[in-house]
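# Structural overview for review
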Amino acid sequence: MTAQDRQRISAGLSDGLSYAEIARRLDRPTSTISREVARNGGASGYRPQLAQQATARRARRGTPSAPPASGPAVDAVAEGIVEAAVRSGMPRMTARVHVDLLLSEEGRRTAAELTRRLRVSPASVSVAVNHLVENGYVRRERDPQRRRDVYVLDDDAWYRSIVISSRQTLETARVAADLLETLGADSPVAQRLGKAGAFLERVIQDMLDSAERWRGLLS
């Protein structure tokens, strides 16, 4: 985070803006802003110059700005999340990449960082991040200075993933509805498909409405 970013955070706090609004203006995750403020005096005591100096001191000492997400307890939690994701149908390597992003300080890594951290091939990471991007779990940013992609897990990731999954299921329901005309409404197969399609459409629509209603919790 730059000195200018910290000045803008301070100005936003003075104007009474929420962390989410400040994050949007800086194009940063809300969690990054909340951590930055929390470790530098809080909303009422945040001073951009002091925050910049503290960061410089930590860099000179070679100490991280926050405790690293590592250790036996964190590793156990990470493995538990991976196993749950695999049971839900996510490929294991995709789940490992997703969890590594979840536990990263700013929710963003390059493909090279993922390859190094997970000790896997670049091809494996490429397949995994493509799956995550296609299903809305992460988004891809381009770093023009270094000419590389950065994979970002932001605050809207869960909302996007639910919407994409729901739309895919709705498509299945609509295909079932189209088959009714071909098979004839009175056939046992058509009746079965009709019930399934109607059920899926109503449940998914409820899910989409709920996701939209509660989206603000992510901000």
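Residues numbered from 1 in each chain as written. Predicted model: local features only at pLDDT ≥ 70, side-chain atom pairs only at ≥ 80, totals over all residues. Heavy atoms only, no water.

### A closer look at the overall build of the protein
- When helices and strands are tallied, the protein shows 11 helices and three strands.
- Ordered by position from N to C terminus, the α and β elements of the protein give α-α-α-α-α-α-α-β-α-α-β-β-α-α.
- Over its C-alpha trace the protein gives a radius of gyration of 22 Å, far above what one expects of a compact globule, namely 17 Å for 219 residues.
- Counting the 219 residues in the protein, one finds 32% classified as buried.
- Carbon and sulfur atoms make up 53% of the accessible area of the protein, which totals about 13,400 Å².
- Computed over 34 positive and 27 negative side-chain charges, the separation of the two mean positions in the protein equals 8 Å. (Helix = DSSP H or I, 4+ residues; strand = E, 2+ residues; numbered from the N terminus. Rg over C-alpha atoms; globule rule 2.2 N^0.38 Å. Buried < 20%, exposed > 50% of the residue type's maximum accessible area, 1.4 Å probe, protein only. Areas by Shrake-Rupley, 256 points an atom, 1.4 Å probe, with all protein chains shown as cover. Lys, Arg positive; Asp, Glu negative; His and termini not counted. Charge placed at Lys NZ, Arg CZ, Asp CG, Glu CD.)

### Topic: the packing of helix α7 (residues 92–102) against helix α8 (residues 111–118)
- Here α7 crosses α8 at 105°, and the two axes come no closer than 11 Å. The orientation of α7 relative to α8 falls into the category roughly perpendicular. Contacts between α7 and α8 involve R96, V97 and D100 on the former and, on the latter, L114, R117 and L118.
- The class makeup of the residues in the contact of α7 with α8 is three nonpolar, no polar and three charged. (Axes fitted to C-alpha atoms, helices over the stretch in contact; angles between N-to-C directions. Parallel < 35°, antiparallel > 145°, perpendicular 65-115°, else oblique. Contact = heavy atoms within 4.5 Å. Nonpolar A, V, L, I, M, F, W, Y, C, P; charged D, E, K, R; others polar.)

### Structural notes on the packing of aromatic side chains
- Going through the model one piece at a time under the given rule, you end up with zero aromatic pairs.
- If you follow R215 out to its NZ or CZ, it ends over the ring of Y159, 4.0 Å from the centre. (Phe/Tyr/Trp six-rings, centres within 6.5 Å; stacked < 30°, edge-to-face > 60°. Lys NZ or Arg CZ within 6 Å of the ring centre and 35° of its normal.)

### Side note on the sheet that holds strand β1 (residues 108–110)
- Taken together, the three strands give an open sheet; going across it, the order is β1-β3-β2, and neighbouring strands pair in antiparallel fashion. On the outer flanks of this sheet lie β1 and β2 (139–143), each paired with one strand and no other. The mean inter-strand angle of the sheet, taken between neighbouring strand axes irrespective of direction, is 30°.
- Bridge count between β1 and strand β3 (residues 148–152): three bridges; the pairing is antiparallel. The residue bridging T110 from the neighbouring strand is V150, located in β3. (Pairing = 2+ DSSP bridges.)

### Section: the side chain of E141
- Its place among the elements puts E141 in strand β2.
- Judged by relative accessible area, E141 falls into the buried class, the value being 16%.
- Side chain to side chain, E141 and R108 meet in a polar contact 2.8 Å long.
- Polar contacts involving the side chain of E141 include one to the side chain of R139, which spans 2.4 Å.
- In contact with E141, not counting residues within four places along its chain, are D27, R108, R148, D149, V150 and V152. (Polar contact = N/O pair within 3.5 Å; in protein donor to acceptor, adjacent residues only side chain to side chain.)

### Quick notes on a nonpolar patch on the surface
- A grouping of V77, I81, L102, L103 and W158 is seen on the molecular surface, where their side chains present a nonpolar patch of about 390 Å² in accessible area.
- Along the chain, L102 falls in helix α7.
- Using a relative accessible area of 31% as the deciding quantity, one classes L102 as partly exposed. (Patch = residues over 30% accessible without salt bridge, like charges linked within 9 Å, V, L, I, M, F, W, Y side chains within 5 Å. Salt bridge = Lys/Arg side-chain N within 4 Å of Asp/Glu carboxyl O.)

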